[in-house]
Amino acid sequence: MSESEFKDEAQWAEKLTPEQYRVLRQKDTERPFTGEYWNEFSDGTYLCRGCGEPLFLSDTKFDAGCGWPSFFQPATEDVIKEIHDSSHGMQRTEVVCRNCGGHLGHVFNDGPAPTGLRYCINSASIDLKKK
Ligand SMILES: [Zn+2]
């Protein structure tokens, strides 16, 4: 599925739930401990809710205690795009789906080995396909 198939915001609004739309297309953040996957540890692959691209694998998910799904690395390096984000008076690195541009969350440098990274991702942006 190419990005051009989903350029139109009206089409996105039709495809996504209101919450998914606010997060993926308007870069909102769901409230912690409310999402579908913050406490989910089943085996499987987390797909982009916007385009279905495989973004994260369950064996890289860990409990960061922050109330959002947290991963120490993406499924492959080229599925994620990192963007400098200086909104809300903070210096952060936003992560988006490289395929559809959907907002996923942020990446921080306080994760576990082997990467030391914590991809803090909104449940609304991902869809677990269980093994
Ligand atoms: Zn996507």
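It should be noted that the structure appears before, not after, this text.
Residues numbered from 1 in each chain as written. Predicted model: local features only at pLDDT ≥ 70, side-chain atom pairs only at ≥ 80, totals over all residues. Heavy atoms only, no water.

### Concerning the overall build of the protein chain
From N to C terminus, the protein chain includes two helices and nine strands. Rg of the C-alpha trace for the protein chain: 14 Å, near the compact-globule value of 14 Å for 131 residues, within the 12% margin. Counting only C-alpha atoms, the protein chain reaches 40 × 40 × 30 Å along its principal axes. About 7100 Å² of surface is accessible on the protein chain, with carbon and sulfur atoms providing 47% of the total. When the 15 basic and 21 acidic side-chain charges of the protein chain are each reduced to a single mean position, those positions are 1 Å apart. (Helix = DSSP H or I, 4+ residues; strand = E, 2+ residues; numbered from the N terminus. Rg over C-alpha atoms; globule rule 2.2 N^0.38 Å. Areas by Shrake-Rupley, 256 points an atom, 1.4 Å probe, with all protein chains shown as cover. Lys, Arg positive; Asp, Glu negative; His and termini not counted. Charge placed at Lys NZ, Arg CZ, Asp CG, Glu CD.)

### Structural notes on the sheet that holds strand 1 (residues 44-48)
Taken together, three strands build an open sheet; the order of strands is 2-1-9 and the sheet is antiparallel. Because the sheet does not close on itself, it has two edges, and the strands there are strand 2 (54-57) and strand 9 (126-130). Along the sheet, successive strands turn relative to each other by an average axial angle of 30°, direction set aside. Direction of pairing for strand 1 relative to strand 9: antiparallel, over a ladder of five bridges. The partner of C48 across the bridge, within strand 9, is I126. (Pairing = 2+ DSSP bridges. Axes fitted to C-alpha atoms, helices over the stretch in contact; angles between N-to-C directions.)

### Overview of the coordination of the zinc ion
At 2.3 to 2.4 Å from the zinc ion lie its protein donor atoms, namely C48 (SG), C51 (SG), C97 (SG) and C100 (SG). Here the zinc ion is ringed by four donor atoms whose angles at the metal span 103 to 115°, and the overall shape comes out tetrahedral. For C100, a relative accessible area of 4% gives the class buried. (Donors = N, O, S within 2.8 Å, 3.2 Å for Na, K, Ca; no water. Tetrahedral: all angles 85-135°; square planar, octahedral: opposite > 155°, others 65-115°. Buried < 20%, exposed > 50% of the residue type's maximum accessible area, 1.4 Å probe, protein only.)

### Overview of unusual backbone geometry
Cis geometry marks the peptide bond from A113 to P114; its omega dihedral reads 5°. Summarising the element assignment, P114 is placed in the loop between strand 7 (103-108) and strand 8 (118-121). At H88, a residue that is not glycine, the phi angle is positive and equals roughly 55°.

### Re the pairing of strand 7
Burial runs high along strand 7: five of the six residues are buried. Pairing of strand 6 (residues 92-97) with strand 7, which is carried by four bridges, proceeds in the antiparallel orientation. Opposite T93, over in strand 7, you have V107 as the bridge partner. Between the end of strand 6 and the start of strand 7, which pair antiparallel, lie five residues, with G101 showing a positive phi angle near 80°. In the sheet, strand 7 pairs with strand 8 via four bridges, with the strands oriented antiparallel. Paired with H106 across the two strands is C120, which belongs to strand 8.

### Focus: the nonpolar core
Formed by 22 residues in total, the largest nonpolar core has its most connected members in L55, F56, I80, L104, Y119 and I121. Looking at this core, the elements with two or more residues in it are helix 2 (18-24), strand 1, strand 2, strand 6, strand 7, strand 8 and strand 9. Not counting residues within four places of it along the chain, the set of residues in contact with F56 comprises T45, Y46, F71, Q73, P74, A75, I80, Y119 and I121. (Core = buried A, V, L, I, M, F, W, Y, C linked by side-chain atoms within 4.5 Å. Contact = heavy atoms within 4.5 Å.)

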